[in-house]
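Residue-level listing of the chains:
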Amino acid sequence: MNLYQSLGYLVLGSRLRRLSEGFLAEINRAYQNEGIDFDASWFPVFYLLSKNNSLSIKELSDQTEVSHPAASQLITNLKNKKLVTSATCADDGRRQLVQLTDSGRELLAQILPVWDAILLAMDDVLANDPACKELLPSISALENAFRSANLADRISDKLSVELKAETNE
């Protein structure tokens, strides 16, 4: 058993980050292998804009569950690459509506088959190890548990109980 496995939940965040970084590196390598200049970190914006003609930065941040500044920064990066554009909303001058440019739509057409291939490749991975099939439902369950119960407060409660037990000894 390696260090990460032996430490259990003490390194959960590190293991998830390491898994995520490795997964995204492989996805980015797949795009590179196909000669496509696309970064996996752009996926949520491209996916949402593939399903919607335009969205506000607030809508993008809400749907991707990232902060408004993080969504805004990603949109700025994509604007600099001429992949998205934004225009002031006609009904609300404070809102900026983001949409794919012609170059962004051309890139989307190139990446759609890669998304299909990713799903098929992951099906292969899951078929070879049935335990992997539990990963996404388990992540969803853990996300829900973290939303419903403040982990930091639980840790503080456990520390309080331990301190009380030590002073009673």
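A brief report on the enclosed structure follows.

What counts, and where the lines are drawn
- Residues numbered from 1 in each chain as written.
- Predicted model: local features only at pLDDT ≥ 70, side-chain atom pairs only at ≥ 80, totals over all residues.
- Heavy atoms only, no water.
- Phe/Tyr/Trp six-rings, centres within 6.5 Å; stacked < 30°, edge-to-face > 60°.
- Helix = DSSP H or I, 4+ residues; strand = E, 2+ residues; numbered from the N terminus.
- Buried < 20%, exposed > 50% of the residue type's maximum accessible area, 1.4 Å probe, protein only.
- Lys NZ or Arg CZ within 6 Å of the ring centre and 35° of its normal.
- Polar contact = N/O pair within 3.5 Å; in protein donor to acceptor, adjacent residues only side chain to side chain.
- Contact = heavy atoms within 4.5 Å.

Here we look at the packing of aromatic side chains
Both the distance between ring centres and the angle between the ring planes are used here to describe each pair of aromatic rings.
Then, number 1: A full pass over the atoms with the stated rule returns 6 aromatic pairs.
Then, number 2: Where Phe43 meets Trp115, the ring centres are 4.7 Å apart and the plane angle is 75 degrees; that geometry is what we call edge-to-face. One end of the pair, Phe43, is in helix H3 (residues 43-51); the other, Trp115, is in helix H6 (residues 102-128), and 72 residues separate them in sequence.
Then, number 3: Look at Phe43 and you get partly exposed, because its relative accessible area is 33%.
Then, number 4: We classify Trp115 as buried; its relative accessible area is 10%.
Then, number 5: An aromatic cluster is defined as three or more aromatic residues linked by ring pairs; in this entry it consists of Tyr31, Phe38, Trp42 and Phe46.
Then, number 6: Positioned above the aromatic ring of Tyr4, the side-chain terminus of Arg18 is 4.1 Å from the ring centre.

Quick look at the side chain of Thr101
Then, number 1: Tracing the backbone shows Thr101 in the loop between strand E3 (96-100) and H6.
Then, number 2: With relative accessibility at 17%, the residue Thr101 sits in the buried group.
Then, number 3: Here the side chain of Thr101 touches Lys82 through a polar contact of 2.6 Å, landing on its backbone oxygen.
Then, number 4: With residues up to four places along the chain from it excluded, the contact list for Thr101 reads Lys82, Leu83, Val84 and Thr85.

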